[in-house]
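Now for the letters of each chain:
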Amino acid sequence: MIDNKFSEVVNRFNDLGIKAETQIEGMLYAKPITYWDYIQTDALLNLQTQRTVLPDEMVFIMYHQVNELLFKMILWELDQVSSCSDEALTVAFFTDRLARISRYFDMLTSSFTIMKDGMEVEQYLKFRNTLAPASGFQSSQYRLIEFGCTDWINLIDKRYVVDLPQNISERDALEYMYWQAAGKDYRTGEKSYLLREFENKYCEIFVKAMKDYEKTNLWQKFVKLPEEAKSDKGLIDAMRHLDKTVNVTWVMGHYEAAVKYLESHTGETKEATGGSDWKKYMLPQYQKRIFFPELWSEEEKANWGK
């Protein structure tokens, strides 16, 4: 058996055009892998840098880092679907990847109790001032997830969809995305520092993603399926579940956590660290973000987020 495996290894290297003898000799001196080397534990545990001496700031930092790791996992699943050829994409594979993404978002939703119940309000209201003008709004991975899920027209601020110029470029369309509400004064048209810096860093990445996902986002992969596949109840349910999980359940979990810290008992509402009108930015019934509107009835869309 060992001889057979050895032959398979040699054949694999030969197939790759790599000198098998050299590779095998190198294995004699290779250090066996350890958990901490594979997971890069030391590197991960040294990525937390507090700006204050308040203990609960560490909870806030690590919680958001965990979120970003989960976002990366979601993008990994999205790209498995988007990179799969239309001919090879099966209902089973598609449904399974949708379920994986939904589970990640279910985990993100339930984890909001870590922020909602895991920090002292007094500590948060002190260390948050050192974070301004940074904001979770600036998560580029979350924007990429949205582009990977749906046609970007569904991410346009609902106030501007009807009058959106025809044949608008992806770069110009970014000016009308719903998240602009988190960083633009629509009375003056002036962008906040928060939004300007976000666009300076990620504009080119977003334009590329909009183009890359134009024909490969989840919705486009769905509509290209054979008619029988598009009628599969399990797949449709998985699409609808993901849509509601991301755009209602997860968003409301985030909103409820924010309410605890940004609304005082006197009814006063504090600004988000980025200075945004966070309620209108976050609450689903304002923007009614829906990834797959064709899969919902008019009544369901009218009551979205309520």
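Residues numbered from 1 in each chain as written. Predicted model: local features only at pLDDT ≥ 70, side-chain atom pairs only at ≥ 80, totals over all residues. Heavy atoms only, no water.

Trainee: Give me the packing of helix α5 (residues 56-82) against helix α9 (residues 140-149): which residues, what numbers.
Mentor: For the pair α5 and α9, the least separation of the axes is 9 Å and the interaxial angle reads 25 degrees. Looking at the two axes, α5 sits roughly parallel to α9. Considering how the two elements wind past one another, α5 and α9 form a crossing that is left-handed. Here E68, F71, K72, I74, L75 and L78 of α5 come into contact with α9, specifically with Q141, Y142, L144, I145, G148 and C149. For the contact of α5 with α9, the per-class residue count stands at eight nonpolar, two polar and two charged. (Axes fitted to C-alpha atoms, helices over the stretch in contact; angles between N-to-C directions. Helix = DSSP H or I, 4+ residues; strand = E, 2+ residues; numbered from the N terminus. Parallel < 35°, antiparallel > 145°, perpendicular 65-115°, else oblique. Left-handed = near helix turned anticlockwise from the far one by under 90°. Contact = heavy atoms within 4.5 Å. Nonpolar A, V, L, I, M, F, W, Y, C, P; charged D, E, K, R; others polar.)

Trainee: Give a description of the packing of aromatic side chains that names residues and reports values.
Mentor: Evaluated as defined, the whole model comprises 21 aromatic pairs. Put simply, the rings of Y63, F71, F105, F112, Y142 and W250 touch in pairs and so form one group of aromatic residues. A cation sits over an aromatic face here: R240 above W296, 3.9 Å from the ring centre. (Phe/Tyr/Trp six-rings, centres within 6.5 Å; stacked < 30°, edge-to-face > 60°. Lys NZ or Arg CZ within 6 Å of the ring centre and 35° of its normal.)

Trainee: Describe the side chain of E77, with residues and values.
Mentor: Structurally, the position occupied by E77 is in helix α5. On the basis of relative accessible area, E77 is assigned to the buried category, the value being 4%. Once residues lying within four places of it in the same chain are set aside, the contact partners of E77 are R97, R100, I101 and Y104. (Buried < 20%, exposed > 50% of the residue type's maximum accessible area, 1.4 Å probe, protein only.)

Trainee: Lay out the side chain of D56 in plain terms, naming residues and giving numbers.
Mentor: For D56, the location among the structural elements is in helix α5. Excluding its chain neighbours within four sequence positions, the residues that come into contact with D56 are G118, M119, E120, Q123 and F127.

Trainee: Let's hear about a nonpolar patch on the surface: which residues, and what values?
Mentor: Together, I33, Y35, W36, Y38, I39, L44, L45, L47 and L69 make up an exposed nonpolar region whose accessible area comes to about 1,100 Å². Here the nonpolar patch takes four residues from helix α3 (residues 35-39), the largest share from any one element. Inspection of the secondary structure assignment puts L69 in helix α5. Under the relative-accessibility criterion, L69 is labelled partly exposed at 48%. (Patch = residues over 30% accessible without salt bridge, like charges linked within 9 Å, V, L, I, M, F, W, Y side chains within 5 Å. Areas by Shrake-Rupley, 256 points an atom, 1.4 Å probe, with all protein chains shown as cover. Salt bridge = Lys/Arg side-chain N within 4 Å of Asp/Glu carboxyl O.)

Trainee: Report on the state of the cysteines, specifying residues and quantitative values.
Mentor: What the rule picks out here adds up to zero disulfides. Free of any disulfide, C149 has its nearest neighbouring cysteine sulfur in C84, separated by 16 Å. (Disulfide = S-S within 2.5 Å.)

Trainee: Quick rundown of the environment of E68? Include the residues and the values.
Mentor: Locating E68 in the fold gives a position in helix α5. Separated by 97 residues in the primary sequence, E68 and P165 have C-alpha atoms spaced 34 Å apart. Contacts of E68, omitting those with residues within four sequence positions, involve S139 and Q141.

Trainee: Provide a residue-level description of the nonpolar core, including the pertinent values.
Mentor: Within soluble globular proteins, side chains that are nonpolar generally end up buried alongside one another. One finds F94, F147 and M177 to be the most contacted residues of the largest nonpolar core, which totals 76 residues. Going through the elements one at a time, α5, α6 (91-110), α7 (112-117), α8 (121-127), α9, α11 (193-212), α12 (218-223) and α14 (233-262) are the ones with two or more residues in this core. The dominant element in this core, judged by the number of residues it contributes, is α14, at 13 residues. Leaving out residues up to four positions away in the same chain, M177 has contacts with F147, W152, L155, I156, D157 and M210. (Core = buried A, V, L, I, M, F, W, Y, C linked by side-chain atoms within 4.5 Å.)

Trainee: Mind laying out helix α1 (residues 2-15), listing which residues take part and the relevant values?
Mentor: Residues three or four positions apart in an α-helix share a direction because the helix packs 3.6 residues into each turn. A rise of 1.5 Å per residue sets the reference length of α1, with its 14 residues, at 20 Å; its end C-alpha atoms lie 20 Å apart and thus fit the reference within 8%. At the exit of α1 stands G17, carrying a positive phi of roughly 75 degrees. (Expected span 1.5 Å × (residues − 1).)

Trainee: Can you break down the packing of α6 against α14 residue by residue, with the values?
Mentor: Angle between the axes and distance between the axes: these two values describe a pair of packed helices. Here α6 crosses α14 at 20 degrees, and the two axes come no closer than 9 Å. Classified by the angle their axes make, α6 and α14 are roughly parallel. As for how α6 packs across α14, the hand of that crossing is left-handed. Every residue of α14 that contacts α6 at V91, F94, T95, L98, I101, S102, F105, D106, L108 and T109 is listed here: G234, L235, A238, M239, H241, L242, T245, V246, T249 and W250.

Remember, this is a structural readout, not a statement about activity or role.
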